[in-house]
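# Working through the structure, step by step
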Amino acid sequence: MKKVVISGTGLYTPEHIISNDELVNSFNTYVAQFNEQHKKDIETGKTSALMESSSAFIEKASGVKSRYVIDKAGILDPSRMKPYIPERTNEETSLQCEMSIIAAKEALNQAGKSVRDVDMVIVACSNLQRAYPAIAIEVQNQLDIQGFAYDMNVACSSATFGIQAAMNAIQTGSARCVLMLNPEICSSHLNFCDRDSHFIFGDACTAVLLEEASQTNSQTQYEILGTKLQTLYSNNIRNNAGFLNRCDDAGLNRPDKLFIQNGRKVFKEVCPMVADHITTHVNSLSLMPNTISRLWLHQANLAMNQLIAKRVLGREADRLEAPVILDRYANTSSAGSIIAFHLHHTDLPTGSLGVISSFGAGYSIGSVILKKC
């Protein structure tokens, strides 16, 4: 079986930053305006008054302190409460393609490769800005890559599922070198009027370059020892936006057409599932959890990550062993674990073992066990 390595990664970070204080100020202004406009209905019990948020609540609930976004002004406008992202003509490069190209070029440069070396492109993310043509094919065209490309969606686990698809293609001979991209514009499907979730997401794009080990010349490379994927149906994280929405006017603009979740159930159910998933995967390769030097976990919630790391390692993990980037980036869906890997993988010594793990809607769980070459 051909050995496959991750030979390069890339990251696109938007220029706009929103702090918790800025987000809370906007949200609380919206709440005050809503409660005033609906004062009579609130007094008669027809409508419930909205509660204000606070930076302390957000940080305690999630560990998030700030987030990067494509558009800041629209989100912070109490009369709008959503990003303003203008439509582009069919002749213009799409936003997700634009983000992907920036991240892709960094990954290629890091790996010492050119677009001529790539013959497969995967765009794997939680939301795609159009049904077709595929964003991946647009990226392929813009970069002048020969071969084939496709989009895939496994919500927050899209990156780990994409890594396995890329690895399989290389091992079976379908591709020599694969560019796997995760352009996440999470702010576009976040309900900024919902106190329990308005702070969760940020925007970013990551890129992972995978190739056969014998073909790589990258200075930093990680061999993929194994991948493991798992799905279990759950309604606890959901987004009902889709092409059928227009067929029933009664459902338009309802909260379920944006991100919704039952956070307490997700925490209670997902944490043990992910810990067991990683531990089982590690053991299946005749390895022991205490040999794992680093856990690059999905950046959804600080308490979740801490609990999962503790269950896997059998003790509390420090910030080196389980890097945290969600305090700056917030939850960037599938890009989160790859951002953690991108920013915290070069310092490990040769032979070190690490795990990239994702978990989220579906439920979907993925793990990729790596060894530094």
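Look a little higher up for the structure.
Calculation rules
Residues numbered from 1 in each chain as written. Predicted model: local features only at pLDDT ≥ 70, side-chain atom pairs only at ≥ 80, totals over all residues. Heavy atoms only, no water. Helix = DSSP H or I, 4+ residues; strand = E, 2+ residues; numbered from the N terminus. Rg over C-alpha atoms; globule rule 2.2 N^0.38 Å. Buried < 20%, exposed > 50% of the residue type's maximum accessible area, 1.4 Å probe, protein only. Contact = heavy atoms within 4.5 Å. Areas by Shrake-Rupley, 256 points an atom, 1.4 Å probe, with all protein chains shown as cover. Lys, Arg positive; Asp, Glu negative; His and termini not counted. Charge placed at Lys NZ, Arg CZ, Asp CG, Glu CD. Salt bridge = Lys/Arg side-chain N within 4 Å of Asp/Glu carboxyl O. Core = buried A, V, L, I, M, F, W, Y, C linked by side-chain atoms within 4.5 Å. Pairing = 2+ DSSP bridges. Polar contact = N/O pair within 3.5 Å; in protein donor to acceptor, adjacent residues only side chain to side chain.

Now for the overall build of the protein. Along its length, the protein carries eleven helices and 13 strands. For 373 residues, the compact-globule estimate of 2.2 N^0.38 gives 21 Å, and the C-alpha radius of gyration of the protein, at 21 Å, lies within 12% of that figure. In terms of principal-axis extent, the alpha carbons of the protein reach across some 70 × 55 × 35 Å. Within the protein, buried positions represent 54% of all 373 residues. When contacts within the protein are restricted to residue pairs at least 6 apart in sequence, long-range pairs at least 24 apart make up 78% of them. Accessible surface computed for the protein: about 17000 Å², of which carbon and sulfur atoms make up 49%. Charge-centre separation for the protein: the mean point of 34 positive side chains lies 5 Å from the mean point of 37 negative side chains.

Looking at the element boundaries, S26 is found in helix α1 (residues 20-37). Not counting the four nearest positions on each side in its chain, S26 is found in contact with I75, L76, D77, P78 and M81.

It is worth spelling out the pattern of salt bridges at this point. Within this structure, the stated rule accounts for ten salt bridges. Here K72 ties to E22 by a salt bridge, and the two come within 2.9 Å at their closest N and O atoms. Here K72 is found in the loop between β3 (66-69) and α4 (73-76), whereas its partner E22 is found in helix α1, with 50 residues between them in sequence. Given a relative accessible area of 30%, E22 falls into the partly exposed group. For the salt bridge of K310 with E316, the shortest nitrogen-to-oxygen distance reads 3.4 Å. Accessibility expressed as a relative area gives 39% for K310, which makes it partly exposed.

Judged by nonpolar contacts, the single largest core of 45 residues is most densely connected at I278, L295 and I308. Elements with a minimum of two residues in this core: α1, α8 (263-284), β11 (292-297), α9 (302-313), β12 (353-360) and β13 (364-372). At eight residues, the largest contribution of residues to this core is made by α8. Discounting residues that sit within four places of it in the chain, I278 has contacts with L297, I308, V312, V355 and S357. Y68, F161, I338 and A340 belong to the second largest nonpolar core, which has 36 residues in total.

Neither face of β3 is open: one carries S66 and Y68, the other R67 and V69, and all of them are buried. Note that strand β2 (residues 16-19) and β3 share four bridges and pair antiparallel. Among the inter-strand pairings, H16 is bridged to a residue of β3, identified as V69.

Here we come to the environment of H189. Position of H189 relative to the elements: it lies in the loop between β6 (177-185) and β7 (203-212). The exposure class of H189 is buried, given its relative accessible area of 10%. If we skip the residues at most four places from it in the chain, H189 touches S126, N127, F201, N239, L258 and F259. Engagement of the side chain of H189 in a polar contact is seen with the side chain of N239, the distance being 3.5 Å.

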